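An overview of the molecular structure
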Amino acid sequence: MKSGIGQATGKIVLMGEHAVVYGKKAVALPFFSVGIKTTINDIEGPIRIESACYTGLLKDAQKAIPGLKYLIEKTLEHLNIPTKNLEIMIDSSIPAQRGLGSSASVSVSVVRSLFNKYDQELDNKTLSDLVFLAETIHHNNPSGLDATVIIEESFISFEKDKGLKHIDSNLKGYLIVADTGMFGNTKESVSNVQERLKREPEKTKEAIDNLGKLSEEAIHDIESGNLEHLGKLMTSAHDKLKNIGVSNETLDRLVTSALKNNALGAKLTGGGNGGCMIAITDTMVDAKNIVDALLEQGAKHTWIYHLKEL
Ligand code: PMV
């Protein structure tokens, strides 16, 4: 039988991470500079997985990749296909646990590849429902933001209970993404915020509310193309994320360095406590200077993303 192929991009949370877990608005965009391709071939015998984080039989994968194992079993059940005779190869250029959407992207590409192999139509609702099964195991109580932006492949605003809205972006400029090289643990970050909310309810709630308001304002700036004001909102969001304890010394150092080098704004992105930071600027010259400064400050990898392309 034919091979099955499924692809998915990375994602960037521009505004509203963590606040989105509490029903506030977040803004995210697909990150096409990185991605995942899953290829499925027929083999004889039990299902085999080949990927950077696990290579071996699916039945032995419970400890290493519990979410993905569950997702593959549930997707095959949905397609009415027996759980055997497949080799699933996952090829990723998304660094794992850096807030760039690696886990949701793996799930999306795997489901797409299975549907593709068996020539089944896949609508976004079915894809989202299946991917959510794995995300729940990865993240405990995921807002659904990651999977949604990766499935939609467009600039979106997102609210947990109301779902997504496409944003018509008129931004012209450059988004710089820098990887600290440190693993961020989203599950842990999310539960730390939960604990802080119990410990310091008023201050934490205020920060979360403000993060939601900054996302609302950011949507207007994206639509009107006001990069300068958007930058101010991003830097302000970083301060609030710092206040709820999801930044760290490395992220703060990279944010400060980007701002010193003419960035219009900078912040951490995603779960935090490691992972990546982002900055925006309006010229390629500034973008390159910011990248040089970030690398000098210890960033392990950087990307310059042209916002016009979205
Ligand atoms: O998966 P990450 O690290 O990009 O984090 C996603 C954003 C959070 O708001 C921190 C979690 C969530 O479920 O929305």
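Since this is a predicted model, take the numbers as computed values, not measurements.

1. With respect to the site of the ligand
Near the ligand lie 13 residues; those nearest to it are Lys-11, Ser-143, Asp-146, Thr-186 and Gly-271. Lys-11 is positioned with one of its side-chain polar atoms (N or O) 2.3 Å from an oxygen atom of the ligand. Ser-143 is positioned such that a nitrogen or oxygen atom in its side chain is 2.5 Å from an oxygen atom of the ligand. In isolation the ligand offers 380 Å² of accessible surface; the protein chains occlude 96% of this area. Across the shell around the ligand, the residue classes tally to 3 nonpolar, 7 polar and 3 charged.

2. Observations regarding the state of the cysteines
Using the criterion set out here, one finds 0 disulfides in the structure. The closest cysteine sulfur to the non-disulfide-bonded Cys-53 is located on Cys-276, 17 Å from its own sulfur. Residue classification places Cys-53 among the exposed residues on the basis of a relative accessible area of 61%.

3. Re the environment of His-301
Note that His-301 resides in strand β11 (residues 301-306). Taking the C-alpha atoms as reference, His-301 lies 18 Å from Asn-261; in sequence the two are 40 residues apart.

4. Thoughts on the packing of aromatic side chains
Counted by the stated rule, this structure contains 2 aromatic pairs. Judged by centre distance (5.6 Å) and plane angle (85 degrees), the rings of Phe-31 and Trp-303 are edge-to-face. Of this pair, Phe-31 sits in strand β2 (residues 26-42) while Trp-303 sits in strand β11, placing them 272 residues apart in sequence. Comparing Phe-31 with Trp-303, the two get one shared label, buried. Here Phe-31 and Tyr-305 contribute two aromatic rings whose centre-to-centre distance is 4.9 Å and whose plane-to-plane angle is 85 degrees, an arrangement assigned as edge-to-face. With a gap of 274 residues between them, Phe-31 in strand β2 and Tyr-305 in strand β11 connect regions that are remote in the sequence.

Rules of the game
Along every chain, residues carry numbers that run from 1 in the direction the sequence is written. Given that this is a predicted model, residues contribute local features only at a pLDDT of at least 70 and side-chain atom pairs are listed and counted only at 80 or more, while totals for whole chains, interfaces and linings are drawn from all residues. Calculation of side-chain values draws on the structure's entire complement of heavy atoms; hydrogens and water are dropped beforehand. The near set for a molecule or strand comprises every residue that places at least one heavy atom within 4 Å of it. Polar contacts, as used here, are pairs of N or O atoms within 3.5 Å; protein pairs need one atom able to donate a hydrogen and one able to accept it. Residues neighboring in sequence count only if both atoms are side-chain atoms. The Shrake-Rupley method, run with a 1.4 Å probe sphere, supplies the accessible areas, and residue values consider only the shown protein chains as cover. Here the term charged refers only to Asp, Glu, Lys and Arg, the term nonpolar to Ala, Val, Leu, Ile, Met, Phe, Trp, Tyr, Cys and Pro, and the term polar to all other amino acids, Gly among them. By definition, disulfides here are pairs of cysteine sulfur atoms that lie within 2.5 Å. Exposed residues in this analysis have more than 50% of their type's maximum accessible area, buried residues have under 20%, and partly exposed residues fall in between, with area computed by a 1.4 Å probe over protein chains only. Strands are runs of DSSP state E lasting at least two residues, helices are runs of H or I lasting at least four, and both sets are numbered from the N terminus onward. Each pair of aromatic rings taken from Phe, Tyr and Trp, with Trp reduced to its six-membered ring, is defined by centres within 6.5 Å and is described as stacked if the planes are under 30 degrees apart, edge-to-face if over 60, and tilted in the remaining cases.

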